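# Structure at a glance
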Amino acid sequence: NMDDDSDNIHVENVAEFYEDQVFSSEEEFDKAMQARIARTNERFTREASRAKRSGVPDYESILYRCCRSRAKKRTKLNEHRPHQNSFKCNCTALIRVAKVLSDDKKTRGPAVKVVKVDLAHTNGCKGGEDTNINECMDRRRGRKYDEHVLNHLRREVRSGRYKTDDVQSYLVESGMKDVTRVEATNLRYRLLKNLSIRGWEYDEKNAAEYAKQQDTLYNEDLAAEIEAGGVESLTNLMSLHRGLAQEEEGYDYRTATDSEGRFSGTAWRTGRMGGRLKNSGKAMLFMDDSRSGINTSGFCFWNLVIVDADGKVGVVLGAMTMSASAEAITWVLQCLKEMSGFDLSGITVVMSDLGATEDAIKSALPSVKACLVCTWHIMAIDFPTNLKHIANYEACKAYVYEHLVNNTVDKKEWEGYLIHACRTWPDAANYLQTLAVSKHRWGNPWRMEHFTHGMQASSVVEGSFGAFQRGLDSIPRSFVGVIQAHVKKDRNKTIEEKSRIVNAQIRLCDPLVSSRRNDAANACAKVMSSHVTDQFEEINRDAQNYTFAPIQVTPSGSARCVTKAWSVSRRENSSAKPRIVEEIDGTLRCGCLEDINRGMPCRHIQSITGGAFVAAQFHSHHHRIEEAEICPVAAPLDDEFDFSGNSSSFELDDGAQHATDNVGQVDPYEDHQGVFVQEWAQYTGIPPCEIDNSTSCPTAPKAPHPPRAKKKSKPLSSVKMHNNLLDEGKAIAALASQEASLYEKMYPLLRWLRTNIQNKDGVELKAAAADFVGISLEKEADVELKPSLKKRTAGAMSVKRKKSAVESASTSSSNSRPCTLCLMGGHNRTNCQRSKEIGKD
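Below you will find a few notes about this structure. Source: prediction; values computed, not measured.

## Comments concerning the overall build of the chain
- Check the secondary structure of the chain and you find 32 helices and 16 strands.
- The 841 residues of the chain split such that 43% are buried.
- A fraction of 64% describes how many contacts in the chain between residues 6 or more apart in sequence connect residues 24 or more apart.
- Carbon together with sulfur atoms contributes 51% to the accessible area of the chain, which is approximately 46800 Å² in total.

See the structure below:
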């Protein structure tokens, strides 16, 4: 009989739950039910109830009931869906738990007890086996959106920046590939009218936290510049570059246009930025674009940084482009190469996000061997976007981060972990296999084969962005203000670097510091930086916990020129897998790959050397910095490139050329520039800038020093300052409105002052005053640039790589609707040539 009944045994008959079974808490019971639902693919609804009881505490219970229970009689047909059928069938599968009374019978504790259980599906319900019914019920129940997606859409929709097409495209980019326009319209309407959405409710208490996730520096003034066409922004941009080229030592810049002369991007660097790149030797370059803070009105703000020998982050280039396409990335790196003026073959590793393709990077820097991907972008942004909906998401994420990102150095073992992850979480298999295509850019066995300072994420770029945003005195009201603040931050960084170098030299000669270190650390400090010396001491302390033994060199090792080999294992855990250290050409190499990845010997190597300092084991990048070098402007290269790859259509701004190009030319304004700057300094109280002697008047009188204040005056209040400026403004308006000539002179000046009021150095104020009095500060005429045609909605954070106009036109995914009569494309039913034939039929 048991054999006859064995075919009728279902999953529901397994004694997983039974009456009087006790769980420690509601969360423990919910976890057990969710585990069952994930295993059997059943559909249950959770209901919580509370009933009053006389003499005892209220009866609190939790009920899990099959979704097909409680068949309701239809009293009225749905006019819009007359053929819709109910999936209810009066299934009796359920389980109920109640909170247990305490010993004193006065309260109920956190524990719950099963009071009724019957998980056998009845009345034709097959539970998780009927996949068609389950899919239909999920579709009718509606989509469950991610909380972050709804918070972002609510902000953009209610601010008026997202229409229906924007909502649909954002949902598609968030992983919902099957979203329709009807669904996007319904969702936008509910968000706009503040209606309820299944499984989500906007929390007003966390509104400030939601705002931090969005554009922190969105500004109406920046958006207005792009909406107006950008002509004024480009004019201010060119004037700022020329002013900084005169003031800042070694300042250089580039401006790019497309084939029609429209603005495409700009890049700049100071002399100290070039010095960092020159002294870095074999360096690792970090690059990323900020699209959610500084460039909310359309530009991509690029930041290229390196890590010096002391472990400090230094900016080597800043840039703005109209898109984040592959052509823009190539142009930014090409500008880095051109403005450096020296060989960049030492840059062998570049780390960025997945948007930066290998072809775009290597086309500009052929010496790059590894184009690594930031694992933080993958695990914190891409991973939740694609896999947040799967069951056991946290366990899947922890497994991938532990075995595929961090701890695996063997490639075969890495592939085994990938196969295990795809089998354990089949819903994540497609994304993991797609991610594995670029495994050589982020996988731990491949990443560890290159010198990366021990870093696996481009967090140094994010930290540089954060420091830049904190360094802004206020919200930038112009793009020239952003560039000027970027240069100002670099000045402060240069002062900090010089102070750090001096302190390191003093510390090297300090007998107290030398007495605390051993002989190996003191020998390391004479050659390497103090930061590396501290790490070397810590590695030597860890090396004391390891023991080693010589082993025989294998034939494969002999083919790799291995002369000696050792097996290194922990003292307290000798059963653990040992590390193999090999000697190749007089240098020790470890199987953990940390010596290559960090550029210094690991603890396994130091256990063999006995903690001695061997300079050959260190990367040349870690050598101590002697001075903060400032590089001059490099000579221009003959090769010029544009975004489309056509060298003939690329144009560099004339202001980026050197002063030596104009030797022998007579400047008609040469006698007026120095005098004007000094007079403007007397008028405004702004100290004169350091202008090159070749462009200033040698006999210009110097501005008198302002008299020293005898008594510290009380600072004016904001109301007083507002009233004073208002009175002066009324007086200017009364004078300028009487004559048209005065108005034409005064109005542009006020516009310049309003646009550049935050600039601290006074470059834009001097240019505004020069325009007012009719003289020029530049040697050459301004290069007229047309504003870019490529724009985007202001304020919205981009989650997709921006494409160029050519790429967007050539890879358009829009499909025209076919004709409803002949079902052919290219026309509609109004101009269909076969309409008469079809009508006859």
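## Notes on unusual backbone geometry
- One non-glycine residue with positive phi stands out, namely Asp 20, at about 70°.
- Among the secondary structure elements, Asp 20 is positioned in the loop between α1 (2-5) and β1 (22-23).

## Observations regarding the packing of helix α13 (residues 375-387) against helix α14 (residues 393-406)
- Running from N to C, α13 and α14 cross one another at 150°; their axes reach a closest spacing of 12 Å. As far as their axial angle goes, α14 and α13 are roughly antiparallel. By crossing handedness, the relation of α13 to α14 is classed as right-handed. On α14, the residues that touch Thr 375, Met 379, Phe 383, Pro 384 and Leu 387 of α13 are Tyr 393, Cys 396, Lys 397, Val 400, Tyr 401 and Val 405.
- A class-by-class count of the residues in the contact of α13 with α14 yields nine nonpolar, one polar and one charged.

## Observations concerning the pairing of strand β10 (residues 313-321)
- Of all nine residues making up β10, eight are buried, and the element is well covered by its neighbours.
- Inspection of the sheet shows strand β7 (residues 263-269) paired to β10 by four bridges, in the antiparallel sense. The residue bridging Gly 265 from the neighbouring strand is Thr 321, located in β10.
- Relative to β10, strand β9 (residues 300-307) runs antiparallel, the two sharing eight bridges. The residue of β10 that forms the bridge with Trp 302 is Ala 319.

## Focus on helix α4 (residues 147-158)
- The first and last C-alpha atoms of α4 sit 16 Å apart over twelve residues, in line with the 16 Å expected at 1.5 Å per residue.
- Note on α4: the residue one or two positions beyond its end, Gly 160, has a positive phi of about 85°.

## What to know about the sheet that holds strand β5 (residues 108-118)
- Pairing is antiparallel across the open sheet formed by five strands, whose spatial order is β1-β5-β4-β3-β2. The open sheet terminates on both sides in strands that have one partner only, identified here as β1 and β2 (44-51).
- Set on the sheet, helix α2 (residues 26-40) makes contact with β1, β2, β3 (59-66), β4 (94-101) and β5; between it and β3 the angle comes to about 5°.

## Some remarks on the side chain of Arg 108
- Positionally, Arg 108 belongs in strand β5.
- In terms of polar contacts, Arg 108 uses its side chain to reach the backbone carbonyl oxygen of Lys 99, at 2.7 Å.
- Setting aside residues up to four positions removed in sequence, Arg 108 forms contacts with Pro 57, Asp 58, Tyr 59, Glu 60, Lys 99, Val 100, Leu 101 and Ser 102.

## Remarks on the side chain of Glu 183
- Counting through the fold element by element, Glu 183 comes out in helix α6 (residues 181-192).
- The class of Glu 183 is buried, set by a relative accessible area of 18%.

## Quick notes on the packing of α13 against helix α16 (residues 429-436)
- The contact between α13 and α16 brings their axes to 10 Å, and the two run at 145°. The two elements α13 and α16 cross, and the hand of that crossing is right-handed. Where α13 abuts α16, its residues Ile 378, Asp 382, Phe 383, Asn 386 and Leu 387 lie against Tyr 431, Leu 432 and Leu 435.
- For the contact of α13 with α16, the class distribution of residues is six nonpolar, one polar and one charged.

## So, the pairing of strand β12 (residues 370-373)
- Side chains of β12 alternate between two faces, with Ala 370 and Leu 372 and Cys 371 and Val 373 buried alike.
- Pairing of strand β11 (residues 349-352) with β12, which is carried by four bridges, proceeds in the parallel orientation. For Met 351, the partnering residue across the bridge sits in β12 and is Leu 372.
- Read from β11 through helix α12 (residues 358-364) to β12, the crossover connection turns out right-handed.

## Looking at the nonpolar core
- The biggest cluster of nonpolar side chains holds 30 residues, and the ones touching the most others in it are Leu 285, Trp 302, Leu 304 and Leu 333.
- Those elements giving two or more residues to this core turn out to be β8 (284-290), β9, β10, α11 (326-340) and α12.
- Examining the composition of this core, we find that seven residues originate from one element, α11, more than from any other.
- If sequence neighbours within four positions are ignored, Trp 302 has contacts with Met 287, Asp 288, Asp 289, Leu 317, Gly 318, Ala 319, Thr 321, Ser 323, Ala 324, Ile 329 and Val 332.
- Of all hydrophobic cores here, the second largest spans 25 residues; its members include Val 373, Tyr 399, Cys 422 and Leu 432.

## What to know about helix α10 (residues 271-279)
- Most of α10 is tucked away: seven of the nine residues are buried.
- Three or more residues of α10 are buried, namely Gly 271, Arg 272, Met 273, Gly 274, Gly 275, Arg 276 and Leu 277.

## Here we look at the sheet that holds strand β16 (residues 587-590)
- If you trace the four strands from one edge of the open sheet to the other, you get β13-β14-β15-β16, paired in antiparallel fashion. The two strands at the open ends of the sheet, each matched to only one other strand, are β13 (546-550) and β16. Across the sheet, the mean angle separating the axes of adjacent strands is 30° when strand polarity is ignored.
- Bridge count for β13 against strand β14 (residues 562-570) is five bridges, and the pairing is antiparallel.

## Points about the packing of aromatic side chains
- Scanning the model with the defined rule gives 16 aromatic pairs in all.
- Ring geometry for Tyr 399 versus Tyr 417: centroids 6.3 Å apart, planes at 80°, classification edge-to-face. Of the two residues, Tyr 399 sits in helix α14 while Tyr 417 sits in helix α15 (residues 411-424), which places them 18 residues apart along the sequence.
- The interplanar angle of 20° and the centroid separation of 5.5 Å between the aromatic rings of Tyr 743 and Tyr 747 together place this pair among those described as stacked. Taken together, the positions of Tyr 743 and Tyr 747, both in helix α29 (residues 740-755) and four residues apart, correspond to about one turn of that helix.
- Judged by relative accessible area, which is 39%, Tyr 747 ranks as partly exposed.
- Through pairs of rings, three or more aromatic residues link up here, namely Phe 17, Phe 23, Phe 29 and Tyr 64.

Cut-offs applied
- Residues numbered from 1 in each chain as written.
- Predicted model: local features only at pLDDT ≥ 70, side-chain atom pairs only at ≥ 80, totals over all residues.
- Heavy atoms only, no water.
- Helix = DSSP H or I, 4+ residues; strand = E, 2+ residues; numbered from the N terminus.
- Buried < 20%, exposed > 50% of the residue type's maximum accessible area, 1.4 Å probe, protein only.
- Contact = heavy atoms within 4.5 Å.
- Areas by Shrake-Rupley, 256 points an atom, 1.4 Å probe, with all protein chains shown as cover.
- Axes fitted to C-alpha atoms, helices over the stretch in contact; angles between N-to-C directions.
- Parallel < 35°, antiparallel > 145°, perpendicular 65-115°, else oblique.
- Left-handed = near helix turned anticlockwise from the far one by under 90°.
- Nonpolar A, V, L, I, M, F, W, Y, C, P; charged D, E, K, R; others polar.
- Pairing = 2+ DSSP bridges.
- Expected span 1.5 Å × (residues − 1).
- Polar contact = N/O pair within 3.5 Å; in protein donor to acceptor, adjacent residues only side chain to side chain.
- Right-handed = clockwise from strand over helix to strand, strands pointing away.
- Core = buried A, V, L, I, M, F, W, Y, C linked by side-chain atoms within 4.5 Å.
- Phe/Tyr/Trp six-rings, centres within 6.5 Å; stacked < 30°, edge-to-face > 60°.

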